[in-house]
Amino acid sequence: MKYLSTRAPSEDTADRKRFCEILLEGLAPDGGLYLPESYPQVDAATLAQWRGLSYADLAFEVLSLYIDDIPAADLKAICRKTYTEEVFGTAEIVPLKKLQDASTSSARTDVYLEALSNGPTLAFKDMAMQLLGNLFEYELARRGEELNILGATSGDTGSAAEYAMRGKQGVRVFMTSPFGRMSPFQQAQMFSLQDANIHNLAVKGVFDDCQDMVKAVSNDLTFKRQYKIGTVNSINWARLMAQVVYYFAGYFQATQTNAEKVSFSVPSGNFGNVCAGHVARMMGLPIDHLVVATNENDVLDEFFRTGVYRVRGSADTHETSSPSMDISKASNFERFVFDLLGRDGEKTRALFHDQLNVTGRFDLSADPAFAQAAQRYGFVSGKSTHADRLATIRDTHQRFGVMIDTHTADGLKVAREHLTPGVPMIVLETALPIKFAETIVEALGCEPDRPAKFIGIEALPKRVQVMDVDVQAVKAYITQHCA
Ligand SMILES: *Cc1c(COP(=O)(O)O)cnc(C)c1O
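Numbering of residues starts from 1 in each chain and follows the order in which that chain's sequence is written. Residues qualify for local features only when their pLDDT is at least 70, as the model is predicted, and side-chain atom pairs are given and counted only at 80 or more; totals for whole chains, interfaces and linings, by contrast, use all residues. Heavy atoms from the whole structure form the basis of all side-chain values; hydrogens and water molecules are not counted.

**Student:** Residue-level account of the pairing of strand S6 (residues 171–178), with values.
**Tutor:** Relative accessibility decides the category of a residue: with a 1.4 Å probe and only protein chains considered, values under 20% of the type maximum give buried, values over 50% give exposed, and everything between is partly exposed. A run of H or I in DSSP becomes a helix once it reaches four residues, and a run of E becomes a strand once it reaches two; helices and strands are each numbered from the N terminus. Within S6, eight of the eight residues are buried, leaving the element largely enclosed by the surrounding structure. Strands were regarded as paired on the criterion that DSSP finds at least two bridges between them. Pairing of strand S5 (residues 147–152) with S6, which is carried by six bridges, proceeds in the parallel orientation. Among the inter-strand pairings, isoleucine 149 is bridged to a residue of S6, identified as valine 173. As a crossover connection, the stretch from S5 through helix H7 (residues 156–165) into S6 is right-handed. Relative to strand S7 (residues 198–203), S6 runs parallel, the two being bridged by six bridges. In the sheet register, phenylalanine 174 faces S7, and the bridge partner there is histidine 199. Handedness is read with the strands pointing away from the viewer; a crossover is right-handed when the path from the first strand over the helix to the second is clockwise.

**Student:** How would you sum up the sheet that holds S7? Please name residues and give values.
**Tutor:** Taken in spatial order, the five strands of this open sheet run S8-S5-S6-S7-S15, and their pairing is parallel. Among the strands making up the open sheet, the edge pair consists of strand S8 (229–230) and strand S15 (465–467). Inspection of the sheet shows S7 paired to S15 by three bridges, in the parallel sense. Bridged to valine 203 within S15 is methionine 467. Strands in contact with H7 are S5, S6 and S7; relative to S6, the strand with the most contacts, it is inclined by about 160°. The criterion used for residue contact is that any of the two residues' heavy atoms lie within 4.5 Å. To obtain an axis, a line is fitted to C-alpha atoms, over the contacting stretch when the element is a helix, and the angle between two such axes runs from 0 to 180 degrees between their N-to-C directions.

**Student:** Go over the packing of aromatic side chains with me, naming the residues and quoting the values.
**Tutor:** To pair, rings of Phe, Tyr and Trp, with the six-membered ring standing in for Trp, must have centres within 6.5 Å; the planes then decide the type, stacked if under 30 degrees apart, edge-to-face if over 60, and tilted in the middle. With the rule as written, the count across this model stands at 29 aromatic pairs. Between tryptophan 50 and phenylalanine 248, the aromatic rings sit 5.4 Å apart at their centres with planes inclined by 65°, giving edge-to-face as the arrangement. Separated by 198 residues along the polypeptide, tryptophan 50 in helix H2 (residues 44–50) and phenylalanine 248 in helix H11 (residues 237–254) bring together distant segments of the chain. A centroid spacing of 6.4 Å and a plane angle of 40° characterise the contact between phenylalanine 333 and phenylalanine 336, whose relative ring orientation is tilted.

**Student:** Outline the site of the ligand, supporting the account with residue identities and numerical values.
**Tutor:** As a matter of local geometry, the ligand sits amid 15 residues, with Lys125, Asp156, Gly269, Asn270 and Asn273 nearest to it. One nitrogen or oxygen atom from the side chain of lysine 125 is found 2.5 Å from an oxygen atom belonging to the ligand. In the environment of the ligand, an oxygen atom lies 2.7 Å from a nitrogen or oxygen atom belonging to the backbone of asparagine 270. Its free accessible area being 390 Å², the ligand has 96% of it covered by the protein chains. Here the residues of the shell around the ligand sort into five nonpolar, eight polar and two charged. We call a residue near a given molecule or strand whenever any one of its heavy atoms falls within 4 Å of it. Polar contacts, as used here, are pairs of N or O atoms within 3.5 Å; protein pairs need one atom able to donate a hydrogen and one able to accept it. Residues neighboring in sequence count only if both atoms are side-chain atoms. What sets the accessible areas is the Shrake-Rupley method with a 1.4 Å probe; for residues, cover comes only from the shown protein chains. Gly counts as polar in this scheme, as do all residues outside two lists: the nonpolar Ala, Val, Leu, Ile, Met, Phe, Trp, Tyr, Cys and Pro, and the charged Asp, Glu, Lys and Arg.

**Student:** I'd like to hear about the pairing of strand S10 (residues 287–294), residue by residue, with values.
**Tutor:** For S10, the tally of buried residues reaches seven of eight residues, placing the bulk of the element in the interior. Direction of pairing for strand S9 (residues 262–267) relative to S10: parallel, over a ladder of five bridges. Within S10, the residue paired with valine 266 across the bridge is valine 292. Crossover handedness for the path S9 to helix H12 (residues 272–282) to S10: right-handed. Pairing analysis gives five bridges linking S10 to strand S13 (residues 379–383), with the strands arranged parallel. The partner of alanine 293 across the bridge, within S13, is glycine 382.

**Student:** So what's going on with the nonpolar core? Which residues, and what values?
**Tutor:** Buried Ala, Val, Leu, Ile, Met, Phe, Trp, Tyr and Cys residues that are joined via side-chain atoms within 4.5 Å together make up what is termed a nonpolar core. With 113 residues, the main nonpolar core has Tyr247, Phe248, Phe271 and Phe333 as its most contacted residues. Here the element with the most residues in this core is H11; it accounts for 14 residues. Residues within four places of tyrosine 247 in sequence aside, it is in contact with Phe264, Val266, Asn273, Val274, Ala276, Gly277, Ala280, Leu285, Ile287, Leu290 and Leu428. In terms of nonpolar packing, the next biggest core, distinct from the first, is built from 20 residues, Leu113, Leu390, Val414 and Met425 among them.

**Student:** Give a description of the side chain of asparagine 332 that names residues and reports values.
**Tutor:** Assignment of secondary structure puts asparagine 332 in the loop between strand S11 (308–310) and helix H14 (333–340). Of the residues examined, asparagine 332 reaches a relative accessible area of 0% and is grouped as buried. A distance of 3.0 Å separates a polar atom in the side chain of asparagine 332 from the backbone oxygen of serine 234. Once residues lying within four places of it in the same chain are set aside, the contact partners of asparagine 332 are Leu33, Ser234, Ile235, Leu240, Asn270, Phe271, Gly272 and Cys275.

**Student:** Describe the state of the cysteines, naming the residues involved and giving the relevant values.
**Tutor:** Cysteine sulfur atoms that come within 2.5 Å of each other are treated as a disulfide pair. Taken as a whole, this structure holds zero disulfides when the rule is applied. For the unlinked cysteine cysteine 79, the closest cysteine sulfur is that of cysteine 20, found at 13 Å. Classification of cysteine 79 as buried rests on a relative accessible area of 0%. For cysteine 482, which is in no disulfide, the shortest distance to another cysteine sulfur is to cysteine 210 and amounts to 19 Å. Among the residues examined, cysteine 482 registers a relative accessible area of 16% and is labelled buried.

**Student:** An account of the environment of leucine 390 is needed here, citing residue identities and associated values.
**Tutor:** Structurally, the position occupied by leucine 390 is in helix H17 (residues 386–400). A C-alpha to C-alpha distance of 5.0 Å links leucine 390 and alanine 443, two positions 53 residues apart in sequence.

Below you can see the structure in the form of structure tokens.
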């Protein structure tokens with residue numbers, strides 16, 4: 001299996017790469033995103049075989065179709081080491097919970113939650129990041145190399161990266177975050193890590209300052225090369241690929257036979273999660289609809305309703321109570337558009353490089369391809385607001401005795417607008433309510449449940465370096481801690 005860039009001219013096959021070559025990379029050199037040159041097809045017999053597998057072995061089967069430069073026995077060991085009951089809390093890893101039985105006399109329309117947030121940081125990013133940590137350690141050891149991951153976070157991504165990389169050989173993490181702006185729970189999660197290879201840098205500024213500093217360091221190519229600076233952002237193909245697995249796992253739990261279809265509703269920000277659903281569907285998994293649920297930052301809902309993709313300025317980006325979906329542009333969206341345009345790299349480049357950079361928007365409403373987003377690829381969308389979140393959290397708690405987080409509430413609210421009789425709807429649970437306690441208290445008047453291993457974490461000793469918004473200071477810190 002080779003990988004190509006979404007901006008590569010279609011006749012140009014020389015630049016295609018293998019999995020381990022793109023594993024440690026971010027964007028392709030031409031600014032595009034990597035995708036496999038074709039989607040492996042999973043036939044009915046294979047699906048039937050996979051139905052009985054454990055999550056780790058299912059992951060191995062899916063990953064094997066995309067990775068041919070790691071020996072099978074090693075890949076299987078990596079999957080089994082990653083997806084354990086000890087790390088993810090249950091033997092199923094991603095158990096389904098039936099939320100409602102909206103059956104009518106003629107058809108069943110069950111609604112399920114698929115639990116993706118029982119990993120170390122209680123958000124779905126662990127599902128991919130835990131695998132990435134083990135893949136990085138394996139590949140770096142094989143090459144005899146080291147990697148220093150530099151990132152900026154306002155919460156979920158940074159902590160998932162730290163918990164994935166803690167104690168790993170050959171990897172250090174330098175994670176910047178805005179000083180005093182994360183919730184006490186999030187700060188405790190990150191800053192209580194005592195591993196020598198994890199470095200928390202609390203910057204006296206806002207998230208954008210952190211991101212700008214990371215960019216400035218990465219743009220210093222000499223420094224970047226000398227100190228082997230890398231990232232783990234959501235455009236990494238390995239993260240997306242790892243997420244494909246739980247669409248299969250959810251499907252098997254909600255159905256008895258491969259003749260059945262299901263739909264998925266996905267709380268969306270950077271389009272990474274739902275793009276994995278798109279890949280699963282392209283592989284032949286019987287998915288009816290992929291429901292893209294956004295919050296007030298409705299860049300994606302606007303596209304799927306109108307065909308216009310319009311990135312927002314920072315002034316138009318809302319700070320909401322589902323903060324992990326607060327995006328101004330959706331960094332993985334280019335992957336889907338590439339497929340939608342018949343994998344035309346030149347046309348994708350024209351939209352994302354030429355048009356978007358100049359005008360901040362492109363318009364496919366008059367392009368015949370746009371109708372295919374729904375008809376051929378199954379995408380529908382919707383939007384949820386703070387009031388919707390509160391109502392959905394309350395309703396779910398009252399009727400089913402289940403507490404859901406704010407992002408999952410967005411997914412459930414929009415899912416209900418797209419139910420098809422006879423087709424189970426699986427809503428991806430992307431975080432646990434404890435991470436967003438303030439809104440839970442607002443909705444329910446009580447504190448969310450806290451998993452036992454997180455009781456009292458706010459009181460643990462903290463390991464964090466506070467610094468000014470100063471690129472030189474970040475570089476000096478990295479230099480000092482790379483010995
Ligand atoms: C990151 C995140 C999302 C958004 O996922 P994308 O892959 O960026 O679309 C949704 N919910 C939670 C809790 C997250 O952490």
